[in-house]
Every structure is written in C-alpha cells, then in structure tokens.
Amino acid sequence: MSDCIFCKIIDGSIPSNKVYEDEKILAFYDLEPQAPVHVLVVPKQHICCANAIDESNVDYVAHIFTKIPEITKKLNLENGYRIVNNCGDDGCQSVKHLHFHILGGKKLDSQMC
Ligand code: DGP
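Quantities reported herein were computed from a predicted structural model and do not represent experimental measurements. For every chain, the first residue of the written sequence is number 1, and numbering continues from 1 along that sequence. The predicted origin of the model limits local features to residues at a pLDDT of at least 70 and limits the giving and counting of side-chain atom pairs to 80 or more, whereas totals for whole chains, interfaces and linings rest on all residues. The basis for every side-chain value is the complete set of non-hydrogen atoms in the structure, without hydrogens or water.

Novice: What should I look at first to understand the site of the ligand in this one?
Specialist: When at least one non-hydrogen atom of a residue lies within 4 Å of a molecule or strand, that residue is treated as near it. Surveying the vicinity of the ligand reveals 15 residues, the closest of which are Asp-30, Asn-86, Ser-94, His-99 and His-101. Polar contacts, as used here, are pairs of N or O atoms within 3.5 Å; protein pairs need one atom able to donate a hydrogen and one able to accept it. Residues neighboring in sequence count only if both atoms are side-chain atoms. A distance of 2.8 Å separates an oxygen atom of the ligand from a polar side-chain atom of Asn-86. The Shrake-Rupley method, run with a 1.4 Å probe, gives the accessible areas here. Residue values count only the displayed protein chains as cover. Protein contact buries 88% of the 520 Å² of open area that the ligand shows by itself. Elements are defined by DSSP. Helices are runs of H or I of four residues or more, strands are runs of E of two residues or more, and each kind is numbered from the N terminus. Among the elements of the structure, helix H1 (5-11) and strand E2 (25-29) are those that each provide at least two residues to the shell around the ligand. Looking at the shell around the ligand, the element that brings in the most residues is H1, giving three residues. Amino acids outside the nonpolar list (Ala, Val, Leu, Ile, Met, Phe, Trp, Tyr, Cys, Pro) and the charged list (Asp, Glu, Lys, Arg) are all regarded as polar, and Gly is one of them. Per-class residue counts for the shell around the ligand are nine nonpolar, five polar and one charged.

Here it is, written out as structure tokens:
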C-alpha cells in the first residue's frame, strides 16, 4: 500500500530501528515508546487490522507468534512482557497496518485500559 507508513518501513523507504526480520515479518522499535522496551511486530503483507485476518493471511499472524519468543529473548524480556493489538477506532488503532506491540522492561500496570 503506497500510503501506508509500515509498508514504507518494510520496503526501507522510511528508516526504522530493526530488531528482527525474515521473509514474512519485521520487528522494529516504536517511535513513541510507552514502556522501557516497546517494539512493533508487523507482517510484510499489508493486512489492515485484526478484523481482516482470514484463512488467506493467517500464516503471517501465526508466524509472528511463533517468532515472538525469539524476539523477546533478544530484547531480554525473559521476566515477561505484554502483547497488545489495537483494532479500529474504538481500539485507537492509528496505523492501519496490522501490528502487535511488545511492551516490557518493567513491571507493567495490571490495568489494561
Ligand atoms: P497503534 O496506535 O496501535 O496504531 O500504534 C501505532 C504505533 O506506531 C504508535 O505506537 C507509534 C508507532 N509509529 C507511528 N509511526 C511510526 C514510524 O514512522 N516509525 C516507528 N518506528 N513507529 C511509528
């Protein structure tokens, strides 16, 4: 998608601080961190949001979750972390490319919202 910030990060036209990359996914540090460690994991295929996950693209999502243990180990989050996905307007999703926030590096608030 030509107007998608995360597609531009994936194709390298917008720089990012990468943590992990393979043929299907990219993980990079969030520009506006909300925890001592705040990384975003995105599929390289443009999927607008969690509501658009279906049989045709679920492999990307499964791959993200398969790689999260490796990514979080690299980030020294052995003591735990939170995975967040914001979906749609009520979920306050600001970038319309499916992404999972990995938050950690401290004891997080027990309140989810
Ligand atoms: P969400 O609200 O769930 O859509 O989160 C989008 C996140 O993306 C937000 O935490 C800030 C981050 N973000 C937005 N633009 C950029 C960018 O150009 N680079 C990086 N690294 N992160 C970005």
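Novice: Sorry, what's going on with unusual backbone geometry here?
Specialist: If a residue is not glycine, its phi is most likely negative; likewise, a peptide bond is most likely trans. Residues other than glycine seldom take positive phi values, yet Asn-76 does so here, at roughly 60°. By the secondary structure assignment, Asn-76 is in the loop between helix H2 (58-74) and strand E4 (81-84). Throughout this description, buried means an accessible area under 20% of the type-specific maximum (1.4 Å probe, protein chains only), exposed means over 50%, and partly exposed covers the range between. Note on Asn-76: relative accessible area 61%, which makes it exposed.

Novice: Can you walk me through the packing of aromatic side chains in this structure?
Specialist: Ring pairs (aromatic) are described by centroid distance and by the angle formed between their planes. Stacked, tilted and edge-to-face are the three classes assigned to paired rings of Phe, Tyr and Trp, where Trp is represented by its six-membered ring and a pair needs centres within 6.5 Å; plane angles under 30 degrees give stacked, over 60 edge-to-face, the rest tilted. Using the criterion set out here, one finds two aromatic pairs in the structure. Residues Phe-6 and Phe-28 carry aromatic rings whose centres are separated by 5.5 Å and whose planes lie at 80° to one another, so their mutual orientation is edge-to-face. You can see Phe-6 sitting in helix H1 and its partner Phe-28 sitting in strand E2, a full 22 residues away along the chain. Among the residues examined, Phe-6 registers a relative accessible area of 6% and is labelled buried.

Novice: Even after reading the chapter, I still don't get the state of the cysteines, so can you show me in this structure?
Specialist: A disulfide bridge is the covalent bond that connects two cysteines by way of their sulfur atoms. Counting rule for disulfides: a pair of cysteine sulfur atoms within 2.5 Å. Inspection of the entire model under this criterion finds zero disulfides. Distance from the sulfur of Cys-49, which forms no disulfide, to the nearest cysteine sulfur (Cys-48) is 3.3 Å. Overall, Cys-49 belongs to the buried group, its relative accessible area being 12%. Lacking any disulfide linkage, Cys-113 is separated from the closest cysteine sulfur, that of Cys-92, by 10 Å.

Novice: Would you mind showing me how to read H2 here?
Specialist: Helical periodicity: at 3.6 residues per turn, an α-helix aligns residues three or four positions apart in one direction. By definition here, a helix of n residues has an expected span of 1.5 Å times n minus one. Its 17 residues place the ends of H2 25 Å apart at the C-alpha level, agreeing with the 24 Å of an ideal helix rising 1.5 Å per residue. Maximum bend of H2: about 40°, positioned at Ile-68, with proline Pro-69 one to four residues after it. Every buried residue belonging to H2 is among Tyr-60, Val-61, His-63, Ile-64, Lys-67, Ile-68, Ile-71 and Thr-72, and all of these are buried. Asn-76 sits one or two positions beyond H2 and adopts a positive phi of about 60°. At any given residue, the bend is defined as the angle formed between two axes, one fitted to the seven residues that end at that position and one fitted to the seven that begin there.

Novice: Just checking my understanding: could you explain the pairing of E2 for this structure?
Specialist: When a strand is regular, its side chains alternate between the sheet's two faces. Summarising burial for E2: four of the five residues are buried, a large majority. As paired elements, strand E1 (residues 18-21) and E2 share three bridges and run antiparallel to each other. Residue Lys-18 lies in a different strand from E2, and its bridge partner there is Phe-28. Two strands make a pair as long as DSSP finds a minimum of two bridges between them. If you look at the hairpin formed by E1 and E2, you'll find three residues sitting between the two strands. Direction of pairing for E2 relative to strand E3 (residues 37-43): antiparallel, over a ladder of five bridges. Its bridge partner being in E3, Ala-27 is matched across the sheet by Val-41.

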